[in-house]
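Secondary and tertiary structure notes
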Amino acid sequence: MNIKNCLKRLLFPGLDLTTRCRYRWLPPLFKAGPIETLDVGFGNGAFSLAAARKGNRVTAISFDQGQVDKAKSFFGSDNERINFLCLNAYKLRDLGRQFDQIICLETLEHIRDDRGMVRLFYDLLRPGGTLQLCCPNRLGLLPLVRQAQRRFRKAEGFEVRYWSLNDLRALFEENFGVVSFEVDCFFGIGLQAADEKFMIPAMKCAVRVSELLRRMSHTVPLITHFADSVYVRAKKGCQPPTQ
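Being a predicted model, the structure only gives us computed values, none of them experimental.

**A few points about the sheet that holds strand β6 (residues 178-185)**
The strand order β3-β2-β1-β4-β5-β7-β6 describes an open sheet built from 7 strands, whose pairing is mixed. Looking along the sheet, the strands with just one partner apiece sit at the ends: β3 (82-86) and β6. Along the sheet, successive strands turn relative to each other by an average axial angle of 15°, direction set aside. Packed onto the sheet, helix α7 (residues 165-173) meets β5 (125-136), β6 and β7 (229-235) and runs at close to 150° relative to β6.

So, in structure tokens, the structure goes:
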């Protein structure tokens, strides 16, 4: 293993605060055992590895061959449990099989045909399978700033797309029978209490308010509509959706 990969392993899952926080709390929600998991847009591979360490057989896809090559080099022996593939998300049917779990973090917002992709996720899941997804919320503070910077025009190409919570509910409930939403954070995607020790005083104040609002959202669901980012968990029922 080269020096660069040694440093990456030492700092794994990386310096990005959002990834570090999610790596602490999201993997415990993954299914355990020898199930088939698909990671769509695997990023640095942290969540593919987390699923593999729970006994999953993981197929991790990216449209970037360079990213795939780096992941194969970095994870080494873990490649026995993770199959890194260069594949466009629009061609997931080419995999020719279904999965028990799909992970899709900060990827759906870059896909033009979001409705078609959610339907594809549904089709690729076995009955009882689950989708773990994270995406930005249109009415959050940072998303509003980002939308204002592009004068609220419609997203083009790979640009980030934003949905309201009602949009997301309609998008997922069209296919999935059981869908739940949870606040990720307020005042900036990735602003998490676990990262407070790295923050200046003003940011610490913001994260404390964010955590307070997150707790309040459990009893006042309306608050969730104004989170910067949300987690979506959807479960495929045994009956096909009503068209």
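Picking up after the structure, the text goes on.
**Some details on helix α4 (residues 65-75)**
By the burial criterion, the buried members of α4 are Val 68, Ala 71, Phe 74 and Phe 75. The buried residues of α4 all sit within an arc of 135° when viewed along its axis, so they share a single face. Directly after α4, the chain includes Gly 76, whose backbone phi takes a positive value near 50°.

**Some words on a nonpolar patch on the surface**
Residues Leu 139, Leu 144, Phe 152, Val 220, Leu 222 and Phe 226 make up a contiguous nonpolar surface patch of about 560 Å² in total accessible area. For Leu 144, the location among the structural elements is in helix α6 (residues 141-149).

**Section: the layout of surface pockets**
Of the voids in this model, the second largest pocket is the one considered here, and its volume is about 250 Å³. Every residue along the wall of the second largest pocket is listed here: Arg 112, Asp 114, Arg 138, Gln 147, Arg 150, Phe 152, Arg 153, Lys 154, Ala 155, Arg 161, Tyr 162 and Trp 163. Of the residues belonging to the lining of the second largest pocket, the class tally is 4 nonpolar, 1 polar and 7 charged.

**Observations regarding α7**
Every buried residue of α7 is accounted for by Leu 165, Leu 168, Leu 171 and Phe 172. Summarising the axial view, the buried residues of α7 lie within an arc of 125°, below the 170-degree limit, and thus occupy one face.

**Describing the nonpolar core**
Leu 92 and Phe 172 are the most contacted members of the largest nonpolar core, which has 37 residues in total. Elements represented by at least two residues in this core include exactly β1 (36-40), β4 (99-105), α5 (114-124), β5, α7, β6 and β7. Setting aside residues no more than four positions away along its own chain, Phe 172 makes contact with Leu 108, Val 118, Leu 131, Leu 133, Val 179 and Val 232. Counting residues in hydrophobic clusters, the runner-up holds 21 residues, among them Phe 42, Phe 47, Ala 51 and Cys 134.

**Focus: unusual backbone geometry**
Here Arg 151, not a glycine, exhibits a phi torsion of approximately 60°, which is positive. Looking at the secondary structure, you find Arg 151 in the loop between α6 and α7. When its relative accessible area of 74% is taken as the criterion, Arg 151 is described as exposed. One non-glycine residue with positive phi stands out, namely Phe 152, at about 55°. If you trace the backbone, Phe 152 turns up in the loop between α6 and α7. Looking at Phe 152, the relative accessible area reads 54%, which means it is exposed.

What counts and what doesn't
- Residues numbered from 1 in each chain as written.
- Predicted model: local features only at pLDDT ≥ 70, side-chain atom pairs only at ≥ 80, totals over all residues.
- Heavy atoms only, no water.
- Pairing = 2+ DSSP bridges.
- Helix = DSSP H or I, 4+ residues; strand = E, 2+ residues; numbered from the N terminus.
- Axes fitted to C-alpha atoms, helices over the stretch in contact; angles between N-to-C directions.
- Contact = heavy atoms within 4.5 Å.
- Buried < 20%, exposed > 50% of the residue type's maximum accessible area, 1.4 Å probe, protein only.
- Arc of directions from axis to C-beta.
- Patch = residues over 30% accessible without salt bridge, like charges linked within 9 Å, V, L, I, M, F, W, Y side chains within 5 Å.
- Areas by Shrake-Rupley, 256 points an atom, 1.4 Å probe, with all protein chains shown as cover.
- Salt bridge = Lys/Arg side-chain N within 4 Å of Asp/Glu carboxyl O.
- 1 Å grid on protein atoms, 1.4 Å probe; cavity = no way out; pocket = protein on both sides within 12 Å on 5 of 7 lines; lining within 4 Å.
- Points joined across faces, edges and corners; volume = space filled by probe spheres on them.
- Nonpolar A, V, L, I, M, F, W, Y, C, P; charged D, E, K, R; others polar.
- Core = buried A, V, L, I, M, F, W, Y, C linked by side-chain atoms within 4.5 Å.

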